[in-house]
Amino acid sequence: MYDIAIIGGGPAGLSAALTARARNKTVALFEPRGFSPKLSKAHQIDNYLGLPSLSGKELMEAFVKQVQSRQPDIIEEKVVNIFPGDEFTIMTGQNTYRAGAVIITTGAPSGQQYPGESELLGRGVSYCATCDGMFFKGKKVAVIASLPESEEETEFLADICTEVLYIPLYKGEYPKKANLRIIKSTPLAIIGQDSVQEIETGNGREQVDGVFIFRDSEPLESILPTLELSEKLIKVDIDMKSSIPGVFAAGDCTGRPWQINRAAGQGQVAALSAVAFLAQKPVSGA
């Protein structure tokens, strides 16, 4: 059980963690992919106040070092569901956690959803092999993979499914299993009535029982369905409060401009708002 769970380890999430720990709150910071790989690839950052001419990697390393000195719990697991209640339940592919408040700092939405994806979510479409893979044991599935980190979950699916169609959206070496077939073509649609029946790519259609989609971050409407969005972005007020009491958001997931300064400032505001929210909650047993 944590006071505050922070979902995402970019500038907004790190700023929120630093502020929350300064207020002596227990913090779980969920970051499965190494602290904003996108920013770390930037050749040079010239507009972050007081730290000119650093590379993105150097700036992120400075952020992370300072936050780690405050000792939040950094959890290298991907959050797949958040359930509101008197306390929030945060589910990853491996474990379940609880927190009194949640700050979402997952960054900008990563790409468009495929036709049929949202309609068939939970009816053959999944974002987590560890969570849902066993429902497809002995069946045929497709995997749409945006990053190499998808390969471990794909190999797990290959161990339990009769066949896996692997559709990589990145260049590199791909998993090799006897029952794993690589399809180098663009995914176009997921097709089905009550459940997934086919996947369509530039090569045509294939019958499948399920489709697993692995991206940088999943659509927010699948992680927390009751969260109010506007064009895939989280609606927040000036205090970074979302439509759900106890859920706050900061950084690129709340809209433009997508700038490091803005993200860090919003992360601080979100953390202070979360601390104020916790102070107003009734004490258990009172």
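Structure's up top.
Our subject in this report is the structure included herewith. Everything quoted here is computed from the prediction, not taken from an experiment.

## Details of the overall build of the chain
Turning to step 1, where the next piece is worked out: When you go through the chain residue by residue, the secondary structure sums to 7 helices and 17 strands.
Turning to step 2, where the next piece is worked out: The C-alpha atoms of the chain give a radius of gyration of 20 Å, which matches the 19 Å a tight globule of 286 residues would have.
Turning to step 3, where the next piece is worked out: The principal-axis extents of the C-alpha atoms in the chain amount to approximately 55 × 50 × 30 Å.
Turning to step 4, where the next piece is worked out: A total of 286 residues make up the chain; the buried ones form 50% of that total.
Turning to step 5, where the next piece is worked out: Across the chain, every contact between residues at least 6 apart in sequence was considered, and the portion connecting residues at least 24 apart equals 55%.
Turning to step 6, where the next piece is worked out: Within the structure as shown, the chain displays about 14,300 Å² of accessible surface, and the carbon and sulfur contribution to it stands at 49%.

## Focus: helix α7 (residues 260-280)
Turning to step 1, where the next piece is worked out: For α7, which comprises 21 residues, the first-to-last C-alpha distance of 31 Å matches the rise-based estimate of 30 Å (1.5 Å per residue) to within 8%.
Turning to step 2, where the next piece is worked out: Along α7, the residues classified as buried are Ile260, Ala263, Ala264, Gln266, Gly267, Ala270, Ala271, Ser273, Ala274, Val275, Phe277 and Leu278.

## Digging into the packing of helix α1 (residues 11-22) against helix α3 (residues 56-68)
Turning to step 1, where the next piece is worked out: For the pair α1 and α3, the least separation of the axes is 9 Å and the interaxial angle reads 25°. One finds that α1 runs roughly parallel with respect to α3. Relative to α3, α1 is oriented so that their crossing is left-handed. On α3, the residues touching Pro11, Leu14, Ala17 and Leu18 of α1 are Met60, Phe63, Val64, Gln66 and Val67.

## Side note on the pattern of salt bridges
Turning to step 1, where the next piece is worked out: Per the stated rule, a full pass over the model turns up 11 salt bridges.
Turning to step 2, where the next piece is worked out: Across the salt bridge formed by Glu163 and Arg181, the nearest N and O atoms sit 3.1 Å from each other. Residue Glu163 is found in strand β9 (residues 163-168), and its partner Arg181 is found in strand β10 (residues 180-182); the two are separated by 18 residues along the sequence.
Turning to step 3, where the next piece is worked out: Looking at Glu163, the relative accessible area reads 23%, which means it is partly exposed.
Turning to step 4, where the next piece is worked out: You can call Arg181 partly exposed: its relative accessible area is 32%.
Turning to step 5, where the next piece is worked out: Between Lys235 and Glu228 there is a salt bridge; the shortest N-O distance is 3.3 Å.
Turning to step 6, where the next piece is worked out: The partly exposed category is assigned to Lys235, whose relative accessible area is 42%.
Turning to step 7, where the next piece is worked out: Among the charged side chains, a network of salt bridges with common partners joins Lys140, Glu163, Arg181 and Glu206.

## Let's talk about the packing of aromatic side chains
Turning to step 1, where the next piece is worked out: A complete count under the given rule lists 7 aromatic pairs for this structure.
Turning to step 2, where the next piece is worked out: Ring geometry for Tyr48 and Phe63: centres 5.4 Å apart, planes at 65°, overall edge-to-face. Here Phe63 lies in helix α3 and Tyr48 lies in the loop between α2 (37-40) and α3, a separation of 15 residues in the sequence.
Turning to step 3, where the next piece is worked out: Taking relative accessible area as the criterion, Phe63 reaches 12% and is therefore assigned buried.
Turning to step 4, where the next piece is worked out: Ring plane angle 75° and centroid distance 5.4 Å describe the contact between Tyr170 and Tyr174, whose orientation is recorded as edge-to-face. In terms of burial, Tyr170 and Tyr174 fall into one category: buried.
Turning to step 5, where the next piece is worked out: Members of the aromatic cluster, each reached through a chain of ring pairs, are Phe136, Phe212 and Phe214.
Turning to step 6, where the next piece is worked out: Arg256 extends its terminal NZ or CZ atom over the ring of Trp258, reaching a point 4.1 Å from the ring centre.

About the cut-offs
Residues numbered from 1 in each chain as written. Predicted model: local features only at pLDDT ≥ 70, side-chain atom pairs only at ≥ 80, totals over all residues. Heavy atoms only, no water. Helix = DSSP H or I, 4+ residues; strand = E, 2+ residues; numbered from the N terminus. Rg over C-alpha atoms; globule rule 2.2 N^0.38 Å. Buried < 20%, exposed > 50% of the residue type's maximum accessible area, 1.4 Å probe, protein only. Contact = heavy atoms within 4.5 Å. Areas by Shrake-Rupley, 256 points an atom, 1.4 Å probe, with all protein chains shown as cover. Expected span 1.5 Å × (residues − 1). Axes fitted to C-alpha atoms, helices over the stretch in contact; angles between N-to-C directions. Parallel < 35°, antiparallel > 145°, perpendicular 65-115°, else oblique. Left-handed = near helix turned anticlockwise from the far one by under 90°. Salt bridge = Lys/Arg side-chain N within 4 Å of Asp/Glu carboxyl O. Phe/Tyr/Trp six-rings, centres within 6.5 Å; stacked < 30°, edge-to-face > 60°. Lys NZ or Arg CZ within 6 Å of the ring centre and 35° of its normal.

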